[in-house]
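The chain contents come next:
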Amino acid sequence: MDIGLSMHKEDIFEKALRLKGYGCYGENVPESDYKKFEQVTKVDKNLIVKPTVITCLKDYVEFIGTLKYSYENPVFYRGQGNANYTIVPTSLRINPANEHRIIESFERRFSNEMNACENDMARLMLLQHFGVSTRALDISESPLAALYFACSPMKKFNRDYEKDFKHWGEVAIFQDPDKDKEKKPEEVKPIHSTTVSILAGTAFMEPEFSLWKLSMEWKKDNNYMRDEKYIPLGDIIRRSVIVRVPQNNQRIKNQQGAFIIINANEVKSIAWKEDSADELTRLILENGKISFHDLLQEPKWKKHFENGNTWEFEFRKIKPFSGENKFPEFDTDPFNLRRLFYKDDSGIQQVVLIPPEKKKDIIKELAKFNITEDFVYPDMDNVANEINERINKVD
């Protein structure tokens, strides 16, 4: 049976199997069955996956030693406590309309702190720091920090954390797909990047927004009048990039933190008419570099814009991985994230899986290298809780 075509509602295992190429068989899997997880799986023509099961820190270190990276083209890691979960930012997992509501609610209460940030990406970092749902995915340049996140359920955020030891953990690995070391990597961006500004600015938009309104955020970030007509429309429709951010707090320093920031939208209307919106969305999906200025050079599209005004060009946020979407890309790879997965010389994605019953042992091994919860979250309240727990356990 083709899971992707079955009529029943997918459970999280089936969804992970269809979208990621692997899933988990539940708890209490015999060690003799671990090899079942390591089968090379062809998800589709664009994704072939090879998971590696690790049962101790030594296994993990040996695996990391097989990866190819350099200072110019680093590797990034994301640890997840449940391998069945798809890699989706928290604010976009259920309803994209919630993103604007969440940010607006936080801004209303902490306007001074938000206004003190120099740009929208800095605002998203502030939100992320305090646990607010955003479109940013936490990643790390530290393989050990990522392994800790894959094994530990984080008592700081989860009071019923023992149940999380029943799930297989996962470390997803990312790298700029441009292997030409003579060229500057295009998918690892600094915080002031134009693309980062566009992707971050979209988070502050309502579920339906115009190019003109998004450009106001863009211009505010850059503090000067850029012409929004040259914004790459692919950045708005479907894009994900790795963002290396300033190491300006102890948590980011300890975690060697970075982010993947994403976008997924469709054209809603042209000159407030929905005719040709789907056709234009498809054009932008296939040619991400095209801009509003480029469209005005084409008679076919110029006629749709009465005055060539960017406020006539409207977008709609989409719900990722939903069968209701018009375009299959938004159901399988809504953020064009797959191209950032680390792949070996054969083009096979590499990922690490951790059996549930091995998590606590690996946490103890990591503690010998001071990779603990109060290290990855060095806030005063969290450090105090960890001190209390360790000393009381000794007594």
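The rules behind the values
Residues numbered from 1 in each chain as written. Predicted model: local features only at pLDDT ≥ 70, side-chain atom pairs only at ≥ 80, totals over all residues. Heavy atoms only, no water. Buried < 20%, exposed > 50% of the residue type's maximum accessible area, 1.4 Å probe, protein only. Helix = DSSP H or I, 4+ residues; strand = E, 2+ residues; numbered from the N terminus. Pairing = 2+ DSSP bridges. Contact = heavy atoms within 4.5 Å. Axes fitted to C-alpha atoms, helices over the stretch in contact; angles between N-to-C directions. Parallel < 35°, antiparallel > 145°, perpendicular 65-115°, else oblique. Left-handed = near helix turned anticlockwise from the far one by under 90°. Nonpolar A, V, L, I, M, F, W, Y, C, P; charged D, E, K, R; others polar. Core = buried A, V, L, I, M, F, W, Y, C linked by side-chain atoms within 4.5 Å. Phe/Tyr/Trp six-rings, centres within 6.5 Å; stacked < 30°, edge-to-face > 60°. Lys NZ or Arg CZ within 6 Å of the ring centre and 35° of its normal. Salt bridge = Lys/Arg side-chain N within 4 Å of Asp/Glu carboxyl O. pLDDT = per-residue confidence, 0-100.

(A) A look at the pairing of strand S8 (residues 238-244). With 6 of 7 residues buried, S8 lies mostly within the body of the structure. Note that strand S6 (residues 188-190) and S8 share 3 bridges and pair parallel. Within S8, the position partnered with Pro190 by the bridge is Arg244. Bridging between S8 and strand S9 (residues 257-270) involves 6 bridges; their strand directions are antiparallel. Across the sheet, residue Ser240 finds its bridge partner in S9, namely Ile262.

(B) Examining unusual backbone geometry more closely. A positive phi angle, near 65 degrees, is found at Trp272, a position not held by glycine. Within the secondary structure, Trp272 sits in the loop between S9 and helix H11 (277-286). One non-glycine residue with positive phi stands out, namely Asn336, at about 55 degrees. Summarising the element assignment, Asn336 is placed in the loop between helix H14 (329-332) and strand S11 (349-354).

(C) Focus on the environment of His293. Take His293: it is sitting in helix H12 (residues 292-296). Classification of His293 by relative accessible area gives partly exposed; the value is 24%. C-alpha of His293 to C-alpha of Gly308: the two residues are 15 residues apart in sequence and 8.9 Å apart in space. Once residues lying within four places of it in the same chain are set aside, the contact partners of His293 are Lys229 and Tyr230.

(D) Representation of the packing of helix H5 (residues 120-129) against helix H7 (residues 194-203). Two elements in contact, H5 and H7, have axes whose closest approach is 8 Å; the angle formed by their N-to-C orientations is 55 degrees. Judged on the interaxial angle alone, H7 and H5 are oblique. Crossing of H5 over H7 shows left-handed handedness. Contacts between H5 and H7 involve Asp120, Met121 and Leu124 from the former and Val196, Ala200, Gly201 and Ala203 from the latter.

(E) Spatial organisation of the packing of H7 against helix H8 (residues 211-222). Relative orientation of the contacting elements H7 and H8 amounts to 130 degrees, with a least axis distance of 9 Å. Overall, the two elements H7 and H8 adopt an arrangement that is oblique. The two elements H7 and H8 meet at a crossing, and its hand is right-handed. Note on element contacts: H8 touches H7 through Leu214, Glu217, Trp218, Asp221 and Asn222, opposite Thr194, Ser197, Ile198, Gly201 and Thr202. Classifying every residue of the contact of H7 with H8 by side-chain character gives 3 nonpolar, 5 polar and 2 charged.

(F) Structural detail: the nonpolar core. Core analysis: the largest hydrophobic core is formed by 83 residues, its most contacted members being Phe174 and Phe313. Setting aside its immediate chain neighbours within four residues, Phe174 contacts Pro74, Val75, Phe76, Arg78, Ile87, Ile139, Ile242, Ile260, Leu337, Leu340, Phe341 and Tyr342. Grouped together as the second largest cluster of nonpolar side chains are 26 residues, Leu57, Tyr148, Val171 and Ile363 included.

(G) How the structure looks around the packing of aromatic side chains. One pass over the structure, following the stated rule, counts 11 aromatic pairs. Each ring, one from Phe292 and one from Phe313, has its centre 5.9 Å from the other, and the planes form 40 degrees; the classification is tilted. Taken as a pair, Phe292 in helix H12 and Phe313 in strand S10 (residues 313-317) lie far apart in primary sequence, 21 residues in all. Residue Phe292 shares its accessibility class with Phe313, and that shared class is buried. An aromatic cluster is defined as three or more aromatic residues linked by ring pairs; in this entry it consists of Phe209, Phe292, Phe305, Phe313 and Phe315. It is Lys360 that lies over the ring of Phe165; its NZ or CZ is 4.8 Å from the centre.

(H) Layout of the pattern of salt bridges. This model, assessed by the stated rule, comprises 28 salt bridges. The salt bridge partner of Lys300 is Glu279, with a shortest N-O separation of 2.5 Å. Highlighted residues: Lys300 in helix H13 (residues 299-302) and Glu279 in helix H11, separated in sequence by 21 residues. In this structure Glu279 comes out as partly exposed when scored by relative accessible area, which is 39%. The structure contains a network of salt bridges with shared partners spanning Glu208, Glu266, Lys268, Glu274, Glu314 and Arg316.

(I) Inspection of the confidence of the model for the chain at higher detail. Scored by pLDDT, the chain has a mean of 86; 89% of the residues are at 70 or more. For the chain, helix H17 (residues 380-394) is the element with the lowest average pLDDT, namely 66, and helix H2 (residues 57-64) is the one with the highest, namely 98. A low-confidence stretch, residues 1-7 (pLDDT under 50), is modelled with 6 contacts involving residues beyond four sequence positions or located in other chains.

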